[in-house]
Amino acid sequence: MSEQPQPQPQRMQQTMPEDGGGWHRINAGPHLHMMFHPNRQLLGREPDGVLRKSIVVAVAGKREQALRFDPFSVGSHYHIRPSLRGRQIPLWVEEGQKPLEVALKFFEMPLRFRGLLAQAEEDDVAARLDDADLASAARQIRELDAAAGQIPGA
């Protein structure tokens, strides 16, 4: 009597946030849906002084996040195909660097951003991205972050 293999539980992939609630839509061209939050606080979390900036990216027309950058003031990281228990990949922030600037380097080095999208199994979209759209998205995020008046150096 052979045992049947048990199906693996599906990862619950994170979906894009709704407009509002502190989330700002970023114009990243026709192929991506991108949003930025200058300080995302999870419901029920006690204030801990950690600044939680977030950038979420989905392929246009899809609700599931392909990428999420979390350049927090402590514990900066990013996710490829974020899920509720997804793996966090550290954003290496050196002394004197701002976590948001480290995350935005992916947008300013389009091959890196395309590589992350390809790892999220979105190769066709990665190939169609316009470098200028990614650079524009980085500019918009910087402007929104500055307008939010966050703590210098965060």
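Above this text you will find the structure in question.
Residues numbered from 1 in each chain as written. Predicted model: local features only at pLDDT ≥ 70, side-chain atom pairs only at ≥ 80, totals over all residues. Heavy atoms only, no water.

J.: Which residues make up the pattern of salt bridges, and what are the values?
T.: All chains considered together, the criterion is met by 12 salt bridges. Here K62 and E122 are joined by a salt bridge, their closest N and O atoms 2.8 Å apart. In this pair, K62 is assigned in the loop between β3 (54-59) and β4 (67-70) and E122 in the loop between α2 (110-119) and α3 (123-128), connecting sequence segments 60 residues apart. A relative accessible area of 3% places E122 in the buried class. Sharing partners across several salt bridges, the network here consists of R40, R68 and D70. (Salt bridge = Lys/Arg side-chain N within 4 Å of Asp/Glu carboxyl O. Helix = DSSP H or I, 4+ residues; strand = E, 2+ residues; numbered from the N terminus. Buried < 20%, exposed > 50% of the residue type's maximum accessible area, 1.4 Å probe, protein only.)

J.: Which residues make up α2, and what values do they have?
T.: Among the residues of α2, those classed as buried are P110, F113, R114, L116 and L117. Buried residues along α2 cover an arc of 155 degrees about the axis, so they all sit on one side. Exposed residues on α2 whose side chains face more than 90 degrees from its buried face are L111 and Q119. In the stretch just after α2, E121 is the one whose phi turns positive, near 65 degrees. (Arc of directions from axis to C-beta.)

Geometric values such as these leave the question of function open.
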